[in-house]
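# Structural features, examined
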Amino acid sequence: MKYKGSCHCSAIQFEFEAPAITRGLRCDCSICTRKAATMTAFTLPPERLKITAEKDALATYTFGQDVARHHFCNRCGIYTFHQTLRAPGEYRINTGCIDGLDSINLPFDIFKGSEL
Ligand SMILES: [Zn+2]
C-alpha cells in the first residue's frame, strides 16, 4: 500500500509504502503517555520514508539517552513521527497523521517503553 500523510498545517508531508495497516502500537513511556498517539507497529528505515518539510518546519525533541528522536511541526505542533529507541534511526509514524486511515478505531498493542 502507498500511504501519505501530513501534520495538521501540511508544512510537513510524508509518503511511504507498507503492508496494509491493521494494527498499531502505543508506548507507555513518559513522553508517549503524554502524546497518547497510536504509532505504526512496524518501523521504516530512513530510505523508505520520504519526508517533505517546509524550511524550518521540522523540529526534534530528545531526552534521556538522546537515542529516540521525537519529530514535530513547529508551526502546528503536531507530532508526525519519531525515530525509535529499539531500532535507532528507523521511524514509526503517528497513525493519526496518515491520510485515509481510521486511526481512532485502530486496535493496538502496548510497548513497555517505561521499562527500558
Ligand atoms: Zn504543521
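Below, the structure is looked at part by part. (Residues numbered from 1 in each chain as written. Predicted model: local features only at pLDDT ≥ 70, side-chain atom pairs only at ≥ 80, totals over all residues. Heavy atoms only, no water.)

## Structural notes on the overall build of the protein chain
- The helix and strand tally for the protein chain stands at 1 helix and 10 strands.
- For the protein chain, the C-alpha radius of gyration of 13 Å lies close to 13 Å, the compact-globule estimate for 116 residues.
- With the principal axes as the frame, the protein chain shows a C-alpha extent of 35 × 30 × 25 Å.
- Expressed as a percentage of its 116 residues, the buried residues of the protein chain come to 41%.
- The contacts of the protein chain with a sequence gap of at least 6 include a subset with a gap of at least 24, amounting to 56%.
- Carbon and sulfur atoms make up 50% of the accessible area of the protein chain, which amounts to about 6700 Å² in all.
- Counting 14 positive and 12 negative side-chain charges, the protein chain places the averaged centre of each group 2 Å from the other. (Helix = DSSP H or I, 4+ residues; strand = E, 2+ residues; numbered from the N terminus. Rg over C-alpha atoms; globule rule 2.2 N^0.38 Å. Buried < 20%, exposed > 50% of the residue type's maximum accessible area, 1.4 Å probe, protein only. Contact = heavy atoms within 4.5 Å. Areas by Shrake-Rupley, 256 points an atom, 1.4 Å probe, with all protein chains shown as cover. Lys, Arg positive; Asp, Glu negative; His and termini not counted. Charge placed at Lys NZ, Arg CZ, Asp CG, Glu CD.)

## Some remarks on a nonpolar patch on the surface
- Where nonpolar side chains cluster on the molecular surface, the patch consists of Val67, Leu85 and Leu116 and spans about 240 Å² of accessible area.
- For Leu85, the location among the structural elements is in the loop between β8 (79-83) and β9 (91-93).
- Residue classification places Leu85 among the partly exposed positions, given a relative accessible area of 31%. (Patch = residues over 30% accessible without salt bridge, like charges linked within 9 Å, V, L, I, M, F, W, Y side chains within 5 Å. Salt bridge = Lys/Arg side-chain N within 4 Å of Asp/Glu carboxyl O.)

## Focus: unusual backbone geometry
- Of note in the backbone geometry, Ala36 takes a positive phi value of approximately 55° without being a glycine.
- By secondary structure assignment, the location of Ala36 is in the loop between α1 (30-35) and β4 (39-40).
- With a relative accessible area of 41%, Ala36 lands in the partly exposed category.
- Even without glycine at this site, Asp56 takes up a positive phi of about 65°.
- By the secondary structure assignment, Asp56 is in the loop between β5 (50-53) and β6 (58-61).
- When its relative accessible area of 55% is taken as the criterion, Asp56 is described as exposed.

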